[in-house]
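# Tertiary structure, described
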Amino acid sequence: MKDAIILGIESSCDDTSASVVAGCKLLSNVIASQAVHSAYGGVVPELASRAHQQNIVPVVKQAIEKAGIGMKDIDAIGFTRGPGLLGSLLVGNGFAKGLSISLGIPLVEVNHLQAHVLAHFLYEEGESHESPNFPYLCLLVSGGNSQIIVVRSPFDMEVMGQTIDDAAGEAFDKCAKVMGLGYPGGPVINRLATEGNPKAFSFARPRVPGLDYSFSGLKTSFLYTLRDELAKNPNFVEERRADLAASLQYTVIEILMSKLRLASKQLGVKRVALAGGVSANTGLRAAFEAHRDRYGWQIFIPKFAYTTDNAAMVAVTAYFKYKAGDFCPLNLPPFARVTV
């Protein structure tokens, strides 16, 4: 029996993406990004939703063509219902529902955060690939979320710890902004960190009980360091930019990994995965590899193509739900906020 073919649609923020999978095998993944937001220092919701309207038809068309299939071959449509920007989500939701009606095929709603977690089950033709066995831990880190999740099945995920204020990616972006590095700041911090000394500066680390995170104190500490040093040397940021980036990145990673180690110990789970936009950070990836060697973890690090918002992860999540017969009615509205 052949695997079901799923068309996935992702429009939660500023990337319009469509993907086709056959089971967990990726047939195509097309992403249209929006460069316009860099001029504003962040995503402008109105501009994002307008761009989705322009991009969604050609992106879906290209994904289907690249997959080498026709519309009649699609068994179901998976779409990101939320969380995300409501205006952006409405575009993807509306298109998916309309296409579902026109083709007479089931509709599957997908939680964007769960999709990041399940991206590890994707594989491409001819590649060597290992998916995590259940249960496993997943560190989900992005501009809007920092969570430790225990994944017992594709349908059973529990948040064990999460940020009580800023997310790790948000801390990167905001600190980069005060350094004049532009938006998004995370990739620039990552690049500069490779040139700097991670022990050059010491920033505050939160004392939050349990497995929860906090990054607001780190952000404030970083800001005060800049303020004090600039009072002594107006060229401080320019002269020490790489050291600042390396020290900031080192501290964020230490905060993330300390709680992840605690979760692994408490739950007795050594299968540990990484997901979300910040999973592209090379320092964080290196930390995972170091923990594998030191603590005997079995680690799962996503391909760079699956770290950003993409429809491939939406399609594979929809595939699991399709197999379980978990379809959604047409009247379900999108949602802006939720946890897994």
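What you see is a predicted model, and the numbers here were worked out from it, not measured in a lab.

### Comments concerning unusual backbone geometry
Keep in mind that most residues, glycine aside, have a negative phi and that most peptide bonds are trans. The peptide bond linking Gly82 to Pro83 adopts the cis configuration, its omega dihedral lying at -5 degrees. Within the element layout of this structure, Pro83 appears in the loop between β4 (76–82) and α2 (86–103). Between Phe134 and the following residue, Pro135, the backbone shows a cis peptide bond with an omega angle of -5 degrees. Residue placement: Pro135 occurs in the loop between β6 (123–124) and β7 (136–141).

### Structural notes on the sheet that holds β7
The strand order β9-β8-β7-β10-β11 describes an open sheet built from five strands, whose pairing is mixed. Across the chains shown, the open sheet's two edge strands, defined by having one partner strand only, are β9 (156–162) and β11 (298–300). On average, adjacent strands in this sheet sit at an angle of 25 degrees to one another, irrespective of strand direction. Alignment of strand β8 (residues 146–153) against β9, held across six bridges, turns out to be antiparallel. Bridge assignment links Ser153 to a residue of β9, and that residue is Asp156.

### A look at the environment of Asp212
Take Asp212: it is sitting in the loop between α5 (186–193) and α6 (216–232). Spatially, the C-alpha atom of Asp212 lies 8.9 Å from that of Ser146, the residues being 66 residues apart in sequence. Aside from chain neighbours lying at most four places away, what touches Asp212 is Gly161, Gln162, Ile164 and Lys259. From its side chain, Asp212 meets the backbone nitrogen of Gln162 in a polar contact 2.9 Å long.

### Focus: the domain arrangement of the chain
We note that the domain assignment places domain 1 (5–129 + 306–324) and domain 2 (136–268) within the chain. For domain 1 versus domain 2, the separation of C-alpha centres amounts to 28 Å. Each partner contributes residues to the interface: domain 1 has 14 residues there, and domain 2 has 11 residues. In total, domain 1 and domain 2 occlude about 1100 Å² of area from one another, counting both sides; carbon and sulfur atoms represent 78% of this. Here domain 1 is connected to domain 2 by zero salt bridges. Seen at the junction of domain 1 and domain 2, the total is one residue pair in polar contact (both at pLDDT 80 or more). For the side of domain 1 that touches domain 2, the secondary-structure elements that each account for two or more residues are α3 (112–118) and α9 (311–323).

### A closer look at the packing of aromatic side chains
Taken as a whole and assessed by the stated rule, the structure comprises 12 aromatic pairs. Taken together, a centroid distance of 6.5 Å and an interplanar angle of 50 degrees make the contact between Phe121 and Tyr136 tilted. Pair noted here: Phe121 is in the loop between α3 and β6 and Tyr136 is in strand β7, with a separation of 15 residues, a long-range link. Take Phe121 and Tyr136: they sit in the same class, and that class is buried. For the ring pair Phe288 and Trp297, a centre distance of 6.3 Å and an interplane angle of 70 degrees mean the geometry is edge-to-face. In this structure an aromatic cluster arises from ring pairing among Phe121, Phe134, Tyr136, Tyr319 and Phe320. Directly above the ring of Phe304 sits Arg285, whose terminal nitrogen or CZ lies 3.9 Å from the centroid.

### Some points on the side chain of His116
Mapped onto the elements, His116 comes out in helix α3. If sequence neighbours within four positions are ignored, His116 has contacts with Leu140, Ala275, Gly276, Tyr306, Thr307, Thr308, Asp309 and Met313.

### With respect to the nonpolar core
By size, the foremost hydrophobic cluster in this structure holds 44 residues, and its most contacted members are Leu139, Phe215, Leu248, Leu256, Leu284 and Phe288. Sorting the residues of this core by element identifies β7, β8, α4 (168–178), α5, α6, α7 (236–267), β10 (271–275) and α8 (282–295) as the ones contributing at least two each. Counting residues per element, this core draws most heavily on α7, which supplies 12 residues. The contacts of Leu284, once residues within four sequence positions are left out, are Val141, Ile253, Leu256, Met257, Leu274 and Val278. Core analysis: the second largest hydrophobic core is formed by 33 residues, Val21, Ile149, Ala273 and Ala312 among them.

### Digging into the UniProt feature "binding site: substrate" (unreviewed entry) in the chain
The positions that UniProt labels "binding site: substrate" (unreviewed entry) are, in the present scheme, Leu140, Val141, Ser142, Gly143, Gly144, Asp173, Gly186 and Asn281. With respect to the secondary-structure elements, Val141 resides in strand β7. When neighbours within four sequence positions are excluded, Val141 is seen to be in contact with Ser146, Ala168, Leu256, Leu274, Ala275, Gly276, Gly277, Val278, Ser279 and Leu284. Examined against the element boundaries, Asp173 turns out to sit in helix α4. If we skip the residues at most four places from it in the chain, Asp173 touches Tyr183, Pro184, Gly185 and Gly186.

About the thresholds
Residues numbered from 1 in each chain as written. Predicted model: local features only at pLDDT ≥ 70, side-chain atom pairs only at ≥ 80, totals over all residues. Heavy atoms only, no water. Helix = DSSP H or I, 4+ residues; strand = E, 2+ residues; numbered from the N terminus. Pairing = 2+ DSSP bridges. Axes fitted to C-alpha atoms, helices over the stretch in contact; angles between N-to-C directions. Contact = heavy atoms within 4.5 Å. Polar contact = N/O pair within 3.5 Å; in protein donor to acceptor, adjacent residues only side chain to side chain. Domains from an automatic or database assignment. Buried area = accessible area lost by both parts, 1.4 Å probe. Salt bridge = Lys/Arg side-chain N within 4 Å of Asp/Glu carboxyl O. Phe/Tyr/Trp six-rings, centres within 6.5 Å; stacked < 30°, edge-to-face > 60°. Buried < 20%, exposed > 50% of the residue type's maximum accessible area, 1.4 Å probe, protein only. Lys NZ or Arg CZ within 6 Å of the ring centre and 35° of its normal. Core = buried A, V, L, I, M, F, W, Y, C linked by side-chain atoms within 4.5 Å. UniProt positions renumbered as here; feature names shortened; annotations may be inferred.

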